[in-house]
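# Remarks on the overall topology
Here is what each chain is made of, one letter per residue.
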Amino acid sequence: MKKIIITLTLLSSYLLAAGGDMGVSGKRDINMSAIIMFLIFVLATLGITYWAARRTKTAKDFYTAGGGISGFQNGLAIAGDYMSAASFLGISGLVYMKGFDGLIYSIGFLVGWPIILFLVAEQLRNLGKYTFSDVASYRLQQTPIRTLAAFGSLATVALYLIAQMVGAGKLIEVLFGLDYEYAVIMVGILMILYVTFGGMLATTWVQIIKAILLLSGASFMAIMIMYKVGFSFESLFSQAVAMKQTDAIMSPGGLVSNPIAAISLGIALMFGTAGLPHILMRFFYGQ
Amino acid sequence: MDTIKGGIIGGGNMAAIHSAHAIGGNLFLGFISAVAFATILAVVSGLTLAGASAVSHDLYANVFARGRADEMVEMRVSKYATIALGIVAIILGIAFEKQNIAFMVGLAFAIAASANFPILFLSMFWSKLTTRGAVIGGSLGLFSAITLVVLSQAVWVGILGNKTAIYAYDNPALFSVSIAFIGIWFFSITDKSENAKKEIEAYEYQFIRSQTGIGAEGATSH
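These numbers come from a predicted model, not from an experiment. Residues take numbers from 1 onward in each chain, read along the sequence in its written order. The order in which chains are written sets their letters, starting at A; the order in which ligands are written sets their numbers, starting at 1. Local features in this predicted model are restricted to residues of pLDDT 70 or higher, and side-chain atom pairs are both shown and tallied only at a pLDDT of 80 or more, whereas totals for entire chains, interfaces and linings draw on every residue. Working from all heavy atoms in the structure, the side-chain values ignore hydrogens and water.

### Some words on the overall build of chain A
Helical segments are the DSSP runs of H or I of at least four residues, strand segments are the runs of E of at least two, and each set is numbered from the N terminus. Of regular secondary structure, chain A possesses twelve helices and zero strands. When a residue's accessible area, from a 1.4 Å probe over protein chains only, is under 20% of the maximum for its type it is buried; when over 50% it is exposed; and in between it is partly exposed. Split into buried and exposed, the 287 residues of chain A put 59% on the buried side. Here the contacts in chain A between residues at least 6 apart in sequence split such that 77% fall between residues at least 24 apart. By definition in these notes, contact holds between two residues if any of their heavy atoms fall within 4.5 Å.

Spelled out as structure tokens, the structure:
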């Protein structure tokens, strides 16, 4: 994944210069064919939500998709949860703006994975029901532990949500030419409707579909970018540097400039994964 | 921190979207945008559901209602929590417009690593963990992580408009994770109450169940 990201990011710099129709200032004209494609896919996901909503009846359905998700489907859904706007839009943006230091995020996300998989996944499943505080409070006092875990989860979820909202707002701004504020409000309302009516089953199915689409879409992009530069990394990098008019994109230190900052970020990404409530939650689903 | 020159519409977060347009034209731009949007919608719903369950299942059902909550009421509470979270996300989403997405997710990871991970991890693997240690240490981790995020460059200068950041590094994890683990360790080993003794004794049963799944929900009804 990280190779794909750096590849497409570096090439995007070159292609943007070549394309020439995307200046720095001013909104682009409304782009009908892009919008139609966009609406088809978004409506399809909402259709799935509607289908799932009719099957959500009990609290168990709402939280854990009724337990009717197979292991492979749940795996795709976890992959989908993990490939958020941060990995697709955020990391490529960081590499574009600050150079290859941005890849520290890809590596950190990756290293966090074995920790959750080998250390906590099985125990979670054996001890809990809906949330990770079921596990944390298993032999401790319910009230204080659950209260603390709930606040920890809410703080994490809030910051994570902000990042996704910014991504969605920017996307709608670029695609539809809407003002950023309206774009964010629209996304927020859509999201509230979506979760209240669809619950976990709808969310899980959209994650599965989206994981497949994103993996194939991003791979296609990476291959096409390499095709455009004749499958040569050297020409890819030199074109990126030429477009940026500085080789800073190929030098370290653009993002993390001292060891303490680097270690701190690394610790957050490695251990944070095993504390993300929406990822931990997924280990309670599935057959 | 130098920024490499060369801006694009929508800011640095949109680099991938622009390269989709550059290689596949408008149709591919629409496709990738839709996939990115579905990605966000799906992740946002997963997040909101996790936040809403923290409110309905943990705070409401097990703390306020002391385990006697009606399932239907619990679901209603989680729907209200969803709406509240959505509104908070809209307001903060507007405030954080200029920030990089991956950077902010890094901050969310830092809070998760400081508040949730130490309690979860030690409750599974350290028999001497007590309620007092978990609550005090976990709270210290949570509050130090949030405080350092607020005092860092991104929020203190970028959002609140102050001149210089009080906390010099971007990510708080190195300090707040250490505070959490040390706090949990110290307040657990100094806990000599009756309760603490029972909790330490209960570890063995929990450990067997966690390793084997005997008596677990997952083994029977899923």
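There is more to say after this.
### Here's the deal with the confidence of the model for chain B
All names here are of chain B. On average, residues of chain B score 84 in pLDDT, and 93% of them are at 70 or above. Least confident of the elements in chain B is helix H9 (residues 217-220), whose mean pLDDT is 44; most confident is helix H6 (residues 173-189), at 94. Ignoring residues within four places in sequence, the model shows residues 1-6, a span with pLDDT below 50, making 18 contacts including any to other chains. Per-residue pLDDT stays below 50 along residues 218-222; that stretch engages in ten contacts with residues further than four places along the chain or on separate chains. Confidence scores labelled pLDDT are given residue by residue by the predictor and lie between 0 and 100.

### Here we look at the domain arrangement of chain B
Domain ranges listed in this record stem from an automatic or a database domain assignment. For chain B, the assigned domains read domain 1 (1-95) and domain 2 (100-222). The distance between the C-alpha centroids of domain 1 of chain B and domain 2 of chain B comes to 23 Å.

### Describing the confidence of the model for chain A
Residues of chain A with pLDDT of at least 70 account for 83%, and the chain-wide mean is 79. The model gives residues 11-27 of chain A a pLDDT under 50, and that stretch makes 34 contacts with residues more than four places away or in other chains.

### Some details on the nonpolar core
Definition used in this section: a nonpolar core is a set of buried Ala, Val, Leu, Ile, Met, Phe, Trp, Tyr and Cys residues joined via side-chain atoms within 4.5 Å. Among the nonpolar cores identified, the biggest contains 129 residues, and Leu89, Tyr105 and Leu124 of chain A are the most heavily contacted of them. With 20 residues, helix H1 (residues 15-64) of chain B is the single largest residue contributor to this core. Structurally, this core is a two-domain feature, drawing no fewer than three residues from each of domain 1 (1-95) and domain 2 (100-222) of chain B. Residue contacts for leucine 89 of chain A: discarding those within four places in its chain leaves Gly167 of chain A together with Asn13, Met14, Ala16, Ile17, Ile40 and Ile101 of chain B. Counting six residues, the second-largest nonpolar core is a separate cluster that includes Ala268 of chain A together with Ala110, Ala113 and Ala173 of chain B.

### Details of the pattern of salt bridges
Here, a salt bridge means any side-chain nitrogen of Lys or Arg that lies within 4 Å of a carboxyl oxygen of Asp or Glu. Taken as a whole and judged by the stated rule, the model has seven salt bridges over all chains. Taking the shortest distance from any N to any O, the salt bridge between lysine 170 of chain A and glutamate 97 of chain B comes out at 2.9 Å. Here glutamate 97 of chain B lies in the loop between helix H2 (71-95) and helix H3 (101-125) and lysine 170 of chain A lies in helix H8 (residues 142-176), a pairing that spans two chains. Considered together, lysine 170 of chain A and glutamate 97 of chain B belong to a single accessibility category, that of buried residues. It is possible to trace a salt-bridge network through shared partners that takes in Lys170 and Glu173 of chain A together with Glu97 and Lys98 of chain B.

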